[in-house]
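Summary of structural features
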Amino acid sequence: MTSVRAFVDERVADVRLAAAVADLAAETWGLGRPVLIRHGMNVIFGSRNAGAEVSHDGQDDVVIRVSSPSVPAGHSIDLAMFLADRGVPVVAPARTDVVEADGLSATAWQYAASSGDPIDWRSVGTIVGRVHELAPGDLPAGVPTPSPAAFPWWNFDALMDAAGEMLDPGARAGIAAAIERWSGWDAWNPSDAVVCHGDVHPGNVIMTDHGPVLIDWDLLCIAPPGWDHAPLMTWTDRWGGEPGVYEAFSDGVGGSLRRDERAEAFAELRLVAATLMRVKAAVAGRGARRAGARRRGGRGGGPRAP
């Protein structure tokens with residue numbers, strides 16, 4: 001079944017409510033008191049395992065993930081098991097049940113410890129290549145398989161309207177030109193589309209003692225392979241990443257897509273989407289305002305701007 005929405009495309013805004021749901025989940029599962037780790041689209045807590053259903057080599061740490069998914073949260077557990085069975089390194093579920101309250105869902109995951117080593121991007125490319133070989137029809141029933149065109153942050157007309165007067169004329173013209181240059185970016189032959197992780201970047205890779213683990217499958221989608229290349233194609237020049245990241249990744253995945261028109265479109269429009277999202281968020285605080293200003297400048301001018 002194909003969903004028009006990503007698994008998670010709405011941010012959990014209320015951290016206190018998320019903490020209450022995590023507390024309920026910990027009590028239900030016999031875990032220690034959750035401790036906030038990170039707040040992004042989801043709210044992530046750490047806890048001490050006192051009897052998870054799935055052992056994990058003696059580790060006692062469990063991650064509680066509180067989210068607002070577009071489909072029942074149990075499908076994320078089904079997906080993780082499916083991927084692991086097919087040789088894709090992912091974080092394993094610590095439990096197979098879900099705790100739901102106040103419109104939020106809590107799932108429990110085994111803790112994946114970072115080795116502290118640099119990410120092996122060639123191995124990450126090999127993993128992503130394995131994902132691209134999956135048949136969409138083989139994914140577990142109920143797992144969303146949207147087109148990335150359904151992601152709200154790729155609705156450029158709405159984001160431009162939301163930015164309003166926060167965009168100076170030069171920045172607005174530069175952004176509009178990029179959007180126009182790649183008009184039709186979402187028109188591709190279905191036969192060219194594959195299963196994509198949807199958000200391959202360093203924040204979604206954990207380098208463990210056993211190699212890289214790809215995390216955060218919330219934006220799994222069906223798109224041309226270039227969709228998974230795009231984030232890393234600009235990582236060094238635009239995001240301050242280490243040199244050679246994309247080259248190593250593309251070597252692992254089976255070849256570079258630089259100068260591939262569709263991949264180049266995805267890469268530049270990801271920058272546009274990031275810019276407009278930061279500008280939209282600038283009202284939230286001074287830090288976001290500064291970030292939005294830097295990215296506005298980048299889209300209006302220099303090729304190495306943020």
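Here we look at the confidence of the model for the protein chain
Averaged over every residue, the pLDDT of the protein chain is 90; the share at 70 or more is 87%. Throughout residues 51–58 the model reports pLDDT below 50, and contacts reaching past four residues in sequence, or to other chains, amount to 15 contacts. Below a pLDDT of 50 lies the segment residues 291–306, which in the model reaches 33 contacts outside its immediate sequence neighbourhood of four places, other chains included.

Remarks on the side chain of His201
Among the structural elements, His201 can be located in the loop between β6 (194–196) and β7 (205–208). Polar side-chain contacts of His201 include one of 3.0 Å to the backbone nitrogen of Gly203. Once residues lying within four places of it in the same chain are set aside, the contact partners of His201 are Trp121, Leu232 and Trp235.

A short note on the packing of aromatic side chains
For the structure on display, the rule yields 12 aromatic pairs. When the ring of Trp154 is compared with that of Trp185, the centres are 4.6 Å apart and the planes differ by 50°; the resulting orientation is tilted. Pair noted here: Trp154 is in the loop between α3 (121–132) and α4 (156–163) and Trp185 is in the loop between α5 (169–181) and β6, with a separation of 31 residues, a long-range link. Under the relative-accessibility criterion, Trp185 is labelled buried at 10%. A centroid spacing of 6.5 Å and a plane angle of 55° characterise the contact between Trp185 and Trp188, whose relative ring orientation is tilted. Each of the two residues, Trp185 as well as Trp188, counts as buried. Three or more aromatic residues joined by ring pairs make a cluster, and in this case those are Phe151, Trp153, Trp154, Phe156, Trp185, Trp188, Trp227 and Phe266.

Looking at the nonpolar core
Trp154, Phe156, Trp217, Trp227, Phe249 and Leu276 are the most contacted members of the largest nonpolar core, which has 69 residues in total. With nine residues, the single largest contributor to this core is helix α9 (residues 261–281). Residues contacting Phe156, with those up to four places away along its chain left out, are Ile179, Trp185, Leu269, Val272, Ala273 and Leu276.

Considerations on the pattern of salt bridges
If you walk through the whole model with that rule in mind, you get 10 salt bridges. Among the ionic pairs, Arg95 bridges to Asp97, the shortest N-O distance being 2.8 Å. Under the relative-accessibility criterion, Arg95 is labelled buried at 14%. Among the salt bridges present, the one from Asp251 reaches Arg122, with a minimum N-O distance of 2.7 Å. Placement of the pair is Asp251 in helix α8 (residues 245–253) and Arg122 in helix α3, with a sequence separation of 129 residues. Overall, Asp251 belongs to the partly exposed group, its relative accessible area being 45%.

Notes on the state of the cysteines
Per the stated rule, a full pass over the model turns up zero disulfides. With no disulfide partner, Cys196 has as its closest neighbouring cysteine sulfur the one in Cys221, 4.9 Å distant. Cys196 gets classed as buried once you look at its relative accessible area, which sits at 0%.

Observations concerning the packing of α4 against α9
Two numbers describe how α4 lies on α9: the axes approach to 9 Å, and their chain directions differ by 35°. You can see that α4 and α9 cross each other, and the crossing is left-handed. Between α4, through Phe156, Leu159, Met160, Ala162 and Ala163, and α9, the contact on the second element is made entirely by Leu269, Val272, Ala273, Leu276, Met277, Val279 and Lys280. Class assignment of the residues belonging to the contact of α4 with α9 gives a composition of 11 nonpolar, no polar and one charged.

Observations regarding α4
The set of residues buried in α4 consists of Phe156, Leu159, Met160 and Ala163. Along the long axis of α4, the arc covered by the buried residues comes to 100°, so they all point the same way. Those residues of α4 that are exposed and angled more than 90 degrees off the buried face are Asp157 and Asp161. At its buried positions, α4 is contacted by α5 and α9. Two residues or fewer after α4 comes Gly164, characterised by a positive phi angle close to 50°.

Quick word on the environment of Ala178
With respect to the secondary-structure elements, Ala178 resides in helix α5. Residue classification places Ala178 among the buried positions, given a relative accessible area of 0%. Sequence separation between Ala178 and Leu271 is 93 residues; the distance between their C-alpha atoms is 9.8 Å.

Overview of α3
With 12 residues, α3 ought to run about 16 Å at 1.5 Å a step, and its terminal C-alpha atoms sit 16 Å apart, in line with that. Among the residues of α3, those classed as buried are Trp121, Val124, Gly125, Ile127, Val128, Gly129, Val131 and His132. Residues of α3 that are buried sit in contact with β6, β7, β8 (211–214), α6 (226–233) and α8. For α3, the side-chain oxygen to backbone nitrogen distance between the N-cap and Arg122 is 3.3 Å, and the N-cap itself is Asp120.

The rules behind the values
- Residues numbered from 1 in each chain as written.
- Predicted model: local features only at pLDDT ≥ 70, side-chain atom pairs only at ≥ 80, totals over all residues.
- Heavy atoms only, no water.
- pLDDT = per-residue confidence, 0-100.
- Contact = heavy atoms within 4.5 Å.
- Helix = DSSP H or I, 4+ residues; strand = E, 2+ residues; numbered from the N terminus.
- Polar contact = N/O pair within 3.5 Å; in protein donor to acceptor, adjacent residues only side chain to side chain.
- Phe/Tyr/Trp six-rings, centres within 6.5 Å; stacked < 30°, edge-to-face > 60°.
- Buried < 20%, exposed > 50% of the residue type's maximum accessible area, 1.4 Å probe, protein only.
- Core = buried A, V, L, I, M, F, W, Y, C linked by side-chain atoms within 4.5 Å.
- Salt bridge = Lys/Arg side-chain N within 4 Å of Asp/Glu carboxyl O.
- Disulfide = S-S within 2.5 Å.
- Axes fitted to C-alpha atoms, helices over the stretch in contact; angles between N-to-C directions.
- Left-handed = near helix turned anticlockwise from the far one by under 90°.
- Nonpolar A, V, L, I, M, F, W, Y, C, P; charged D, E, K, R; others polar.
- Arc of directions from axis to C-beta.
- Expected span 1.5 Å × (residues − 1).

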